[in-house]
Each structure stands twice: as structure tokens, then as C-alpha cells.
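This is what each chain is made of:
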Amino acid sequence: MQISNRDANGVVVVLPVGSIDATTAAEFSSHIDNLVSSGSTRLVADLAGVDYTSSAGLRVLLGAAKATRAQAGDIRLAAVRADVLKVLTLSGFTSILQLFDDVDAAIASFA
Amino acid sequence: MRPAVSTRPRVTLVIGSGGVKCAAAIGLWSVLTEAGIAVDSVVGCSGGSLYGAAVAGGWSAEKMRSLSESLWTDDVMQGYRENLKASRDGSLRFNDRSGLVDDTVLNQNLERIYGDLQFADLDLPLKLVATDLYRGDKVILSQGSVRQAIRASIAIPIIFPPWEIDGRLLTDGGASDPLPVDVAIQDGADIIIAMGFTLSYRTRMRSITAVQEQLTSIYTNNILNATYAFHNLAHHAEIFPVIPELDEQVSMFDVDKIPAVIEKGAAATREQLPHITRLLQSAG
């Protein structure tokens, strides 16, 4: 899995590419942890490059939501692919996380 | 000398409730078999019990297809209309052992398909889920007669009479745990391949039974979503959901749609296959 960041008006956009499952979740989780511990708590996960997330990926997203919200921030999801959206919907994540069609809308939601 | 400890992940197949849609499990099993993916145990609920038992018994896909045709015969719903009418005019007194369907044909069909097959005879460990009609809790069936356990697990409330096993009156497993991934987790599964189905909603309701069926669908779908969400987050097992996308509404006894349902099950499994394979390879 490849993960990169970019800053956008005080919001950090995280771009994971690949699948988030038991083999990659630890790397993704560590990446988020580092951002939060360095004070970045307003995050947008641009999931356009994520073709799959398993239960391990869901746990990372929930952990990220807890960690950021504990510091008055949030993680918001953008550009979620259909297959990933299906998993998010089935597991109830669409009601506990905010999803946006594109990254710009997700960034703007923090304003 | 100590025996070598296997590091291979334990894989469990879970087939949830969904009536005729559960035939999609035939497509799933065909794809997994072709890909050489072995499972260590099987869990089934309601309609998923029919196919879970077949997988655990080592049945071929062709034999599973004939299972569907042999079970959902034209006369399996015998008595429904008459009993429904009688329940309305008061001539049928409904009680805890009643169903609108006379289950004679269903029981005969199950006997013809599964005979005296015992859990102990199966190639793989199998657990089937039913619901205690009086206590409301999930009941896991894993010993004795497979046919009896299936009969209890598929006892659709109000439609089929409940079934008694060991002094407990049991009804459809979907009433307590429509996609029982928790049973697989309890058994120590590392990887769970979970085929689940949401129940279709009606677009109009013009009778009390239609409203009742709609409410059952709503309850069941919400139980499925809530339990699936919880088990995804509360445990460390890796769960691969396989959710067939059916183009048209498939009601409980749309037997003519089974070939299309099987293909949808295969297609949904093929979508997950690269992810399952990658995880198995990385773990193995």
C-alpha cells in the first residue's frame, strides 16, 4: 500500500492507494496515528485509490474517527468507490462517518 | 516431540438467511472450489442452512442445484391460502406450534434430500443457527440430525410451524442472527467468508400478512446490519462479505430465478476472490 498526504487549508488529505486489509491495516493505522499525534486532527481520507477495505480497514477508520474527534477534529471520507461503499454501508459506517463525493467537498465541510 | 503448530489461517464459510436467494451459495462454492480455496468449517442460518449442510457434506455444485429443485416444489406451500383465510375467520386457532403452511411436504422433501444424515457424518464441522421461540435467543445446532436442525433453522415465522429439538421450540435463525459471523468468531476463525442477503421490501401492502412480512424484512435487515457492524469492529477476524446484487426482486419461492441467483453468487464471489487469495497467500 502507498500512502501520501497533502495539506489543504489546514486539512490534511490522506491518499491511501491499494487495499486496506489485515496485511496493510497496520501501516495505514500507524500513518493516521502519526498525523494525529503531530496535531493533525482534521483529516480527509481520499479513497479514490482504495479498491477494497476489509474489517481490518473498518477498524482503522473507526480508530481514526475516535482519535480525531477526541481532539475536536474528524476524519471524513471522499471519493469512495462502489465496492468500498458497499462494505461501509453494510457495516453501518455511512451513519457514523461523513462521506463526500469528492475531496474538495470534504475539505470544504471543515470550514 | 511436539506436533508442528499450523500457522495456516482458519477459514470459515458463513451462509446467512435469505430464502431462495441462498442458492447463490452454489455459485460461491463453485468459485471457491475452482480457486482452490478450502474452508475449515461452515456456519448456516435459515435458507443458508440448506447449502451450508451441502458444503459441509462435500456435495458437488450439481447436487446442490438439484437440492434447490427438490426442496422448493410447487406443493411445498400447501395449505397457505386456506389456512390464511381460516385464521381470518377464526376457524383456525393459531398457537405456538402453528404455521400457515402445512409442513408435510416440506418435511418429506427435506427427508428425501438429507435422509438420516448426521452432523458427525459430514466432511467439515457444521453449525446451524435457529432461534428459541420462547426465549428469543440464538440456538446453535451442531449435533444429531442435520435434517432436523435445518428444519428448525428454516422455520419462517408464521409461515412454517416451529420445530422442537431437545425440548426447545425453535424458529427461523434469521430472527436472532441472520448472518452469524459471531458463531465463526467463537470457533476461532481467522478468515470469515460471509455470504449475506438483505430481504427485499414490498412496494405496496394490501393485507395484514403483507404488512407483517414487510416488518419482518425490516427487523431482519436491521438486525443483520447491526450485528455485522458490531462483529466487524469488536473482533480481529478478517471478514469478507459476499453480497450478491440481484437485479430483480427475488421473493421467498421464486424457484425459476435460481439459475440467475447462482450466477450472481458466483459474480459476487469473484469480486472478493483477489482479496481473499492475497490474504491467504500472505498468511500462508
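Throughout this description, residue numbers start from 1 for each chain and increase along the sequence as written. Chain A is the first chain written and ligand 1 is the first ligand written, with later ones labelled in order. With the structure being a predicted model, the display of local features is reserved for residues of pLDDT at least 70 and the display and counting of side-chain atom pairs for 80 or more, all residues being used for whole-chain, interface and lining totals. The basis for every side-chain value is the complete set of heavy atoms in the structure, and neither hydrogens nor water enter the calculation.

**Brief notes about the packing of aromatic side chains**
In plain terms, the rule: Under the pairing criterion, centres of Phe, Tyr and Trp rings, with the six-membered ring standing for Trp, must be within 6.5 Å; the plane angle then separates stacked pairs below 30 degrees from edge-to-face pairs above 60, leaving the rest tilted. Starting at the N terminus, helices and strands are each numbered in turn, a helix being any DSSP run of H or I of at least four residues and a strand any DSSP run of E of at least two.
One pass over the structure, following the stated rule, counts 2 aromatic pairs over all chains. Their ring planes at 15° and their centres at 5.8 Å tell us that A:Y52 and B:F240 sit as a pair that is stacked. Of this pair, A:Y52 sits in strand β4 (residues 50-53) while B:F240 sits in strand β8 (residues 238-242), on two different chains. A centroid spacing of 5.5 Å and a plane angle of 20° characterise the contact between B:W59 and B:Y114, whose relative ring orientation is stacked.

**Comments concerning the confidence of the model for chain A**
Put simply, the test is: The score called pLDDT rates the predictor's confidence residue by residue, from a low of 0 to a high of 100.
Scored by pLDDT, chain A has a mean of 94; 100% of the residues are at 70 or more. Taken element by element, the predicted model of chain A shows its lowest mean pLDDT in helix α3 (residues 82-90) of chain A (90) and its highest in strand β6 (residues 99-100) of chain A (98).

**Considering the interface of chain B and chain A**
The criterion, for reference: Contacts were defined at the residue level, with two residues in contact if any of their heavy atoms lie within 4.5 Å. Any Lys or Arg side-chain nitrogen found within 4 Å of a carboxyl oxygen on Asp or Glu counts as a salt bridge. Whenever a nitrogen or oxygen atom comes within 3.5 Å of another N or O atom, the pair is scored as a polar contact, on the condition that within protein one atom can donate a hydrogen and the other can accept it, and that pairs from neighbouring residues in sequence are kept only if both atoms are in side chains. Amino acid classes used here: Ala, Val, Leu, Ile, Met, Phe, Trp, Tyr, Cys and Pro are nonpolar; Asp, Glu, Lys and Arg are charged; the rest, including Gly, are polar.
Counting residues at the interface gives 21 residues for chain B and 19 residues for chain A. Seen at the junction of chain B and chain A, the total is 3 salt bridges. Of the charged contacts in the structure, one is a salt bridge between B:E271 and A:K86, with a shortest N-O distance of 3.6 Å. Joining chain B to chain A, the criterion identifies 12 residue pairs in polar contact (both at pLDDT 80 or more). Mapped by element, the contributors of at least two residues to the side of chain B that touches chain A are α8 (208-234), β8 and α9 (258-283) of chain B. In terms of residue class, the side of chain B that touches chain A is built from 10 nonpolar, 7 polar and 4 charged.

**As for the packing of helix α1 (residues 24-34) of chain B against helix α3 (residues 61-71) of chain B**
All names here are of chain B. Put simply, the test is: In this description, a line fitted to the C-alpha atoms serves as the axis of each element, helices being fitted only across the stretch in contact, and the angle between N-to-C directions of two axes falls anywhere from 0 to 180 degrees. Oblique is the label for any angle not covered by the other classes, which are roughly parallel (under 35 degrees), roughly antiparallel (over 145) and roughly perpendicular (65 to 115).
One can describe the packing of α1 onto α3 by two numbers: an axis separation of 10 Å at closest approach and a directional angle of 180°. With respect to α3, the axis of α1 lies roughly antiparallel. Of α3, the residues touching α1 (which contributes I26, W29 and S30) are A61, M64, R65 and S68. Looking at side-chain class alone, the contact of α1 with α3 contains 4 nonpolar, 2 polar and 1 charged residues.

**A look at the environment of B:L199**
Residues and elements named next belong to chain B. To keep things clear, this is the line we draw: Relative accessibility under 20% of the residue-type maximum defines a buried residue, over 50% an exposed one, and the middle range a partly exposed one, all with a 1.4 Å probe and only protein chains included.
Inspection of the secondary structure puts L199 in the loop between β7 (191-195) and α8. Classification of L199 as buried rests on a relative accessible area of 18%. Sequence spacing of L199 and T171 is 28 residues, and the spatial spacing of their C-alpha atoms is 18 Å. Other than its neighbours up to four places away in sequence, L199 contacts G18, K21, T216, S217, T220 and N221.

**Remarks on helix α1 (residues 25-37) of chain A**
Residue and element names in this part refer to chain A. Formally: Take the number of residues in a helix, subtract one, and multiply by 1.5 Å to get its expected span. Note that the arc is computed from the directions linking the helix axis to the C-beta atoms.
In a regular helix each residue adds 1.5 Å, so 13 residues correspond to 18 Å; α1 covers 18 Å between its end C-alpha atoms and thus fits that length. Within the sequence span of α1, burial applies to A25, F28, H31, I32, L35 and V36. Across the axial projection of α1, the buried residues extend over an arc of 130°, all falling on one side. When the buried face of α1 is taken as reference, the exposed residues oriented beyond 90 degrees from it are A26 and S37.

**Some remarks on the nonpolar core**
This is how it is decided: To qualify as a nonpolar core, a set must consist of buried Ala, Val, Leu, Ile, Met, Phe, Trp, Tyr and Cys residues joined through side-chain atoms within 4.5 Å.
Residues B:L50, B:Y51, B:Y114 and B:I150 are the most contacted members of the largest nonpolar core, which totals 73 residues. A total of 9 residues in this core trace back to one element, the largest contributor, which is α9(B). Excluding residues within four positions of it along the chain, B:Y114 makes contact with B:L50, B:A53, B:W59, B:L67, B:V146, B:R147 and B:I150. If you look at the next biggest cluster of nonpolar residues, it comprises 27 residues, including A:F28, A:V50, A:L62 and A:L77.

**Details of unusual backbone geometry**
Phi at A:A79 takes a positive value of approximately 55°, unusual for a residue other than glycine. In this fold, A:A79 is placed in the loop between β5 (74-78) and α3. When its relative accessible area of 23% is taken as the criterion, A:A79 is described as partly exposed. In the Ramachandran plot, B:D166 falls in the positive-phi region, its phi being about 50° despite a non-glycine side chain. Structurally, the position occupied by B:D166 is in the loop between β5 (163-165) and β6 (168-172).

**Side note on the pattern of salt bridges**
Proximity of charged atoms lets side chains of opposite charge pair with each other. Residue and element names in this part refer to chain B. Going through the model one piece at a time under the given rule, you end up with 18 salt bridges over all chains. Among the ionic pairs, R65 bridges to E62, the shortest N-O distance being 3.8 Å. Residue R65 and its partner E62 are located together in helix α3, separated by 3 residues, close to a single helical turn. Three or more residues are tied together by salt bridges with common partners; here these are D132, R135, D137 and R168.

**Here we look at the pairing of strand β2 (residues 41-45) of chain B**
Residue and element names in this part refer to chain B. Applied cut-off: A pair of strands is treated as paired once DSSP finds two or more bridges between them. Looking down the strands as they point away from the viewer, one classifies a crossover as right-handed if the path from the first strand across the helix to the second runs clockwise.
Burial analysis of β2 places 5 of its 5 residues in the buried class, the great majority of the element. Going residue by residue along β2, you find S41, V43 and C45 tucked away on one face and V42 and G44 tucked away on the opposite face as well. Across 4 bridges, the pairing between strand β1 (residues 11-15) and β2 is parallel. Bridge pairing in β2 places V14 opposite V43. On the question of chirality, the crossover connecting β1 to the parallel β2 by way of α1 is right-handed. Sheet topology note: the β2/strand β3 (residues 126-132) ladder contains 4 bridges and is parallel. Across the sheet, V42 pairs through a bridge with L126, a residue of β3.

**Considerations on the confidence of the model for chain B**
Averaged over every residue, the pLDDT of chain B is 91; the share at 70 or more is 97%. The ipTM value of the predicted complex is 0.82, and its pTM value is 0.91.

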